[in-house]
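As a plain string of letters, each chain reads:
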Amino acid sequence: RLSMMTQARDRFGLAWAWQDLGLVAHMRQDYLQMELMYQNAYQVMEEIGARLDMLRCLRLVAVAVLHQGDAWRAGRLLADFISRARATGDPVGLATCPLQWAGVALAKGEPGVATQCLAAVDAGKLRLGFELYKDDHQDFSSYLEACRQQLSPEAFATAWQAGTEQDLESLLDDIVVQFGG
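Everything in this summary refers to the structure shown in the same document. Because the structure is predicted, anything quoted here is derived from the model rather than measured. (Residues numbered from 1 in each chain as written. Predicted model: local features only at pLDDT ≥ 70, side-chain atom pairs only at ≥ 80, totals over all residues. Heavy atoms only, no water.)

**Re the packing of aromatic side chains**
This is how it is decided: In summary, the pairing rule links any two rings of Phe, Tyr or Trp, Trp by its six-membered ring, whose centres are within 6.5 Å, and it sorts them by plane angle into stacked for under 30 degrees, edge-to-face for over 60 and tilted for everything else. The numbering of helices and of strands both runs from the N terminus, where a helix is a DSSP run of H or I of at least 4 residues and a strand a run of E of at least 2. Look at NZ for Lys and CZ for Arg. If either is within 6 Å of the ring centre and within 35 degrees of the ring normal, a charge sits over the ring.
Enumeration over the complete set of coordinates arrives at 2 aromatic pairs. Their ring planes at 25 degrees and their centres at 5.8 Å tell us that Phe 156 and Trp 160 sit as a pair that is stacked. Of the two residues, Phe 156 and Trp 160 both sit in helix H9 (residues 153-165), 4 residues apart, roughly one turn of that helix. The aromatic ring of Phe 140 is capped on one face by Lys 125, whose charged end is 5.7 Å from the ring centroid.

Set out below in structure tokens:
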């Protein structure tokens, strides 16, 4: 498909082919390949002006980087994503961003913060009426399990409640302040 889109000079089709390869790499847990595929898709989406698709690619580059163990770089990418998503007007992208932030928080040894982020995503799904992307379900489940293992039941319940009540904009502001963006 990649070769066919390149020959046809179908830039949008090419970008989607890169994204498909990124998804395959994600499913195989080949996070270096995932990062490269979504970076390529991002570049093409940027060239053709497909802003929302470009933002999704940027968020998925952050996911790949996080899975490679670089929480700092993932945080910087998420801060960049938030700034761009706010400028573009991507409410679903902004509402799912705390999922990746939960991964960063866990990598930094902050399971309470991660739990709050997951609760904010869960509350955002109900409030905005959306579902997580298929490739986000596994991360949500594994982060949730890690939080449950690292916190007492009482601490988990308290953090979850705080997350459901937390203002999404203030949570996003915290990410941008902490990592620049």
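**Quick word on the pattern of salt bridges**
Stated precisely, the cut-off is as follows: In the sections that follow, a salt bridge refers to a side-chain nitrogen of Lys or Arg positioned within 4 Å of a carboxyl oxygen of Asp or Glu. Think of it in three bands: residues with accessible area under 20% of the maximum for their type are buried, residues over 50% are exposed, and the middle band is partly exposed, with areas taken using a 1.4 Å probe on protein chains only.
Evaluated as defined, the whole model comprises 7 salt bridges. A salt bridge links Lys 125 to Asp 122; the nearest nitrogen and oxygen atoms lie 3.6 Å apart. Note that Lys 125 and Asp 122 are positioned in helix H7 (residues 111-128) at a spacing of 3 residues, about one turn of the helix. A relative accessible area of 17% places Lys 125 in the buried class. Taking relative accessible area as the criterion, Asp 122 reaches 25% and is therefore assigned partly exposed. Residues participating in the shared-partner salt-bridge network are Arg 86, Glu 169 and Asp 173.

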